[in-house]
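# Chains, contacts and geometry: an overview
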Amino acid sequence: MGRPIRDRNPEHLHLVTVRTEEARYYLRPSKDIKRIVAGVLARYQEIFGITIYAFVIMSNHMHLVLDDPNANLDEFMENVNKEIARRV
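Residues numbered from 1 in each chain as written. Predicted model: local features only at pLDDT ≥ 70, side-chain atom pairs only at ≥ 80, totals over all residues. Heavy atoms only, no water.

### Some remarks on the pattern of salt bridges
Applying the stated criterion to the full structure yields five salt bridges. A salt bridge links Arg35 to Asp32, with the shortest nitrogen-to-oxygen separation between them at 3.8 Å. Taken together, the residues Arg35 and Asp32, both in helix H1 (residues 31–48) and three residues apart, mark about one turn of the helix. Counted as one network, the salt bridges with shared partners bring together Glu83, Arg86 and Arg87. (Salt bridge = Lys/Arg side-chain N within 4 Å of Asp/Glu carboxyl O. Helix = DSSP H or I, 4+ residues; strand = E, 2+ residues; numbered from the N terminus.)

Written out as structure tokens, the structure reads:
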């Protein structure tokens, strides 16, 4: 379980870091992993009205810089994490 979101101000940019379970290397760089993660992020950013400015995928975590004008960040991240875990 992750930490609760501290800054819910919709006017701020957010830096989000997501780690894999036990920091295992589930996100090792490959074409398939890049396609899965980018596709999931694109799908859910449209659904929740999130703007993603940058993201980087590492072997055991990823970082996102995003804007959340509708204050949906917690729901967005929950869906993104579930879908990536299911597909990977």
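Past the structure itself, the notes keep going.
### Quick notes on unusual backbone geometry
Even without being glycine, Glu22 reaches a positive phi, approximately 55°. Assessed through its relative accessible area of 55%, Glu22 is described here as exposed. Within the chain, Ala71 stands out as a residue other than glycine whose phi angle is a positive 55°. With respect to the helices and strands, Ala71 occurs in the loop between strand S3 (61–67) and helix H2 (73–87). (Buried < 20%, exposed > 50% of the residue type's maximum accessible area, 1.4 Å probe, protein only.)

### Details of H2
Relative to the 21 Å expected for 15 residues at 1.5 Å per residue, H2 spans 21 Å between its end C-alpha atoms, a close match to the ideal helical length. Of the residues making up H2, those classed as buried are Leu73, Phe76, Met77, Val80, Glu83 and Ile84. Within H2, the buried residues cover an arc of 140° as seen down the axis, which keeps them to one side. Facing away from the buried side of H2 by over 90 degrees, the exposed positions are Lys82, Ala85 and Arg86. On the buried face of H2, the contacting elements are strand S1 (13–19), H1, strand S2 (51–57) and S3. (Expected span 1.5 Å × (residues − 1). Arc of directions from axis to C-beta. Contact = heavy atoms within 4.5 Å.)

### Topic: H1
With 18 residues, H1 ought to run about 26 Å at 1.5 Å a step, and its terminal C-alpha atoms sit 26 Å apart, in line with that. Every buried residue of H1 is listed here: Ile33, Ile36, Val37, Val40, Leu41, Tyr44 and Phe48. Buried positions in H1, seen along its axis, are confined to an arc of 120° and lie on one side of it. Projecting away from the buried face of H1 at angles above 90 degrees are the exposed residues Lys31, Lys34, Arg35 and Glu46.

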